[in-house]
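Chain and residue survey
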Amino acid sequence: MKPILIVGAGFAGAVHARTLAEAGFRVHVIDQRPHIAGNAYDYVDDNGIRVHAYGPHLFHTKMPRVIEWVQKFGAFVPYTHKVRALLPSGVPVPLPINLDTVNAVFGTDYQTAEQVHAHLKSIALPIVEPANAAEHLYANIGLQLTDLFFRPYTKKMWGLDLEDMSAAVVKRIPLRTDRKDTYFADDDVQMMPRDGYTKLFQTIFAHENIRVSLTTRFEKSMLTDYAFCFNAMPIDEYFDFKLGELPYRSLKFHHRTEAGIPEQSWSITNFTDTGPITRETAWHLLPHHIAQNTGRHTLTREEPCDYRDNHMERYYPVKTADGRYNKLYDQYKALAADEQNIAFIGRCGTYQYLDMDQVINQSLTHVEAWLKQRA
Ligand SMILES: Cc1cc2nc3c(=O)[nH]c(=O)nc-3n(C[C@H](O)[C@H](O)[C@H](O)COP(=O)(O)OP(=O)(O)OC[C@H]3O[C@@H](n4cnc5c(N)ncnc54)[C@H](O)[C@@H]3O)c2cc1C
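Residues numbered from 1 in each chain as written. Predicted model: local features only at pLDDT ≥ 70, side-chain atom pairs only at ≥ 80, totals over all residues. Heavy atoms only, no water.

Regarding the overall build of the chain
- For the chain, the helix and strand inventory stands at eleven helices and 17 strands.
- Taking 375 residues into account, the globule formula puts the C-alpha radius of gyration at 21 Å, and the chain, at 22 Å, falls close to it.
- Seen through its C-alpha atoms, the chain measures out along the principal axes to roughly 70 × 50 × 40 Å.
- Of all intrachain contacts in the chain linking residues separated by at least 6 positions in sequence, the fraction that spans at least 24 positions is 73%.
- Carbon and sulfur atoms make up 50% of the accessible area of the chain, which totals about 17,200 Å². (Helix = DSSP H or I, 4+ residues; strand = E, 2+ residues; numbered from the N terminus. Rg over C-alpha atoms; globule rule 2.2 N^0.38 Å. Contact = heavy atoms within 4.5 Å. Areas by Shrake-Rupley, 256 points an atom, 1.4 Å probe, with all protein chains shown as cover.)

Structural data, given as structure tokens:
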């Protein structure tokens, strides 16, 4: 039997490749980039610090089978992620908003969740059926918190006003009325691969049935050499954009070096101002990210932009309030259903923002169903 082609050496491709290889299929993984691990790729820089090339990747999940799957390929260490937002006054406050954030913004001295809840209720606007992100936020936290923490951030992150944005995007941001200050408080497990993501992927791909070719771009003419193709490339690009483009936001990364290895209880700082930068990561504060102590550390600032302004690097699918790009994606999906021996997988193949655990879970379900069909 001909081998199977996997386009994309990120988590979607890796889960498919490994599962198929273990089931006895020969697999060829290609990626147009010069490295494996997709957007989770990391490396150690000249400061001896592990940096994630495409922005900080924090592993968090509620799904036992995802934990079990990733832990087969490397050791993980516990890590509780914390974020602070910098107020215009320069004071860092917990994000997601919690009791201490409310006190810092309103100058109050609340001690209980009930007091914060009552305060938020008193400032929330009476909007019964929010039609967009602005209305959803106004109905939950009122004008001031919305305009401080969400309006400028959304504008720089998405290039959209809150009014033009789907409520779904902000609905997943938690709001706390207690003092809990961890970012992913609702996920059972938060952890990081001890030796980095790239090493984890090396182990995933280390199987006699898997061959990996980097700096190799997918061409339709390749398909004849393979029995089936699992494809994580952008679905609109596969169809030569014939129905139009599925747009993405992208990020430009600005790295800088500072002396010392300072301690701090959080690794990511969000900026609430109207400048171009959304957040900054202090990499050395992530576990095992000081690979070699050089007495220096690396900080990376993120500047969001349209993907056309960043070499077509696709990061976040754009979700508008009217759902127009989701409808366009559905049209591409219908075209894909007519294609023989190809399935679109992952973030860009299915035009959704997926966390790593979600992409692993979906990919396991997808490839297991495919194998069952052929059993
Ligand atoms: C800035 C940022 C921060 C994130 N932070 C987190 C986080 O903290 N926690 C979390 O759980 N998730 C996070 N994610 C999500 C995470 O990156 C995704 O879940 C994961 O990358 C999805 O894997 P994938 O395989 O679908 O896509 P990718 O990792 O993007 O892999 C797809 C691969 O396909 C390749 N490819 C595309 N087109 C072609 C082609 N034509 N030919 C050959 N190869 C091609 C690409 O080069 C790429 O390497 C973050 C994402 C971004 C953008």
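Looking at the site of the ligand
- Neighbouring residues of the ligand: 30 residues in total, closest Asp-31, His-57, Leu-58, Arg-347 and Leu-354.
- Within the backbone of Phe-11, a nitrogen or oxygen atom sits 3.2 Å from an oxygen atom of the ligand.
- Here a nitrogen atom of the ligand and a side-chain polar atom of Tyr-353 are 3.1 Å apart.
- Calculation on the ligand without its partners gives an accessible area of 1,000 Å², and the protein chains cover 96% of this total.
- Put simply, the parts of the chain that give the shell around the ligand at least two residues each are α1 (11-22), α10 (346-349) and α11 (356-374).
- Tallied by class, residues from the shell around the ligand come to 16 nonpolar, eight polar and six charged. (Near = heavy atom within 4 Å. Polar contact = N/O pair within 3.5 Å; in protein donor to acceptor, adjacent residues only side chain to side chain. Nonpolar A, V, L, I, M, F, W, Y, C, P; charged D, E, K, R; others polar.)

Details of the domain arrangement of the chain
- Partitioning the chain into domains gives domain 1 (4-46 + 195-243 + 319-374) and domain 2 (83-171).
- On a C-alpha basis, the centroid separation for the pair domain 1 and domain 2 is 36 Å. (Domains from an automatic or database assignment.)

Here's the deal with the nonpolar core
- Ranked by size, the top nonpolar core spans 111 residues in total, and within it Leu-20, Phe-149 and Ile-360 carry the most contacts.
- Among the elements that line this core, the one with the most residues is helix α5 (residues 133-158), at eleven residues.
- Look past the residues within four positions of Leu-20 in its chain and what remains in contact with it is Ile-4, Ile-6, Phe-25, Val-27, Phe-230, Val-367, Trp-370 and Leu-371. (Core = buried A, V, L, I, M, F, W, Y, C linked by side-chain atoms within 4.5 Å. Buried < 20%, exposed > 50% of the residue type's maximum accessible area, 1.4 Å probe, protein only.)

Focus: the sheet that holds strand β6 (residues 76-78)
- One open sheet holds the three strands; their spatial order is β5-β9-β6, and the pairing between them is antiparallel. Each of the sheet's edge strands pairs with one partner strand only, and the pair in question is β5 (59-61) and β6. Within this sheet the neighbouring strands show an average axis-to-axis angle of 40°, counted without direction. (Pairing = 2+ DSSP bridges. Axes fitted to C-alpha atoms, helices over the stretch in contact; angles between N-to-C directions.)

Considering the packing of helix α3 (residues 99-106) against helix α4 (residues 113-123)
- Running from N to C, α3 and α4 cross one another at 55°; their axes reach a closest spacing of 10 Å. With respect to α4, the element α3 is oriented oblique. Crossing of α3 over α4 shows left-handed handedness. Here Leu-99, Val-102 and Phe-106 of α3 lie close against α4, whose contacting residues are Ala-113, Val-116, His-119, Leu-120 and Ile-123.
- Looking at the contact of α3 with α4, its residues break down into seven nonpolar, one polar and no charged. (Parallel < 35°, antiparallel > 145°, perpendicular 65-115°, else oblique. Left-handed = near helix turned anticlockwise from the far one by under 90°.)

Notes on α3
- Within the span of α3, buried status applies to Leu-99, Thr-101, Val-102, Asn-103 and Val-105.
- Lining the buried residues of α3 we find β8 (92-95), α4 and α5.
- By the N-cap criterion, in which a side-chain oxygen at the helix start approaches the backbone nitrogen of a residue two or three places on, α3 is capped by Asn-98, the distance to Asp-100 being 2.9 Å.
- Count one or two residues on from α3 and you reach Gly-107, which has phi positive near 70°.

Here's the deal with the pairing of strand β9 (residues 189-193)
- For β9, the buried fraction is high: four of the five residues fall into the buried class.
- Inspection of the sheet shows β5 paired to β9 by three bridges, in the antiparallel sense. By the bridge assignment, His-60 is partnered in β9 with Gln-190.

Describing the pattern of salt bridges
- According to the stated counting rule, one finds 20 salt bridges in the structure shown.
- A salt bridge links Arg-217 to Glu-237; its shortest N-O distance comes to 2.8 Å. In this pair, Arg-217 is assigned in the loop between β10 (210-213) and β11 (228-231) and Glu-237 in helix α8 (residues 235-238), connecting sequence segments 20 residues apart.
- Its relative accessible area of 44% is what places Arg-217 among the partly exposed residues.
- Taking relative accessible area as the criterion, Glu-237 reaches 17% and is therefore assigned buried.
- Connected through shared salt-bridge partners, Arg-256, Glu-258, Glu-280 and Arg-301 make up one network. (Salt bridge = Lys/Arg side-chain N within 4 Å of Asp/Glu carboxyl O.)

Some points on α11
- The terminal C-alpha atoms of α11, which comprises 19 residues, lie 27 Å apart, in line with the 27 Å expected from a rise of 1.5 Å per residue.
- Buried within α11 we find Met-356, Asp-357, Val-359, Ile-360, Ser-363, Leu-364, Val-367, Trp-370 and Leu-371. Along the long axis of α11, the arc covered by the buried residues comes to 160°, so they all point the same way. Opposite the packed face of α11, turned more than 90 degrees from it, sit the exposed residues Lys-372 and Gln-373. (Expected span 1.5 Å × (residues − 1). Arc of directions from axis to C-beta.)

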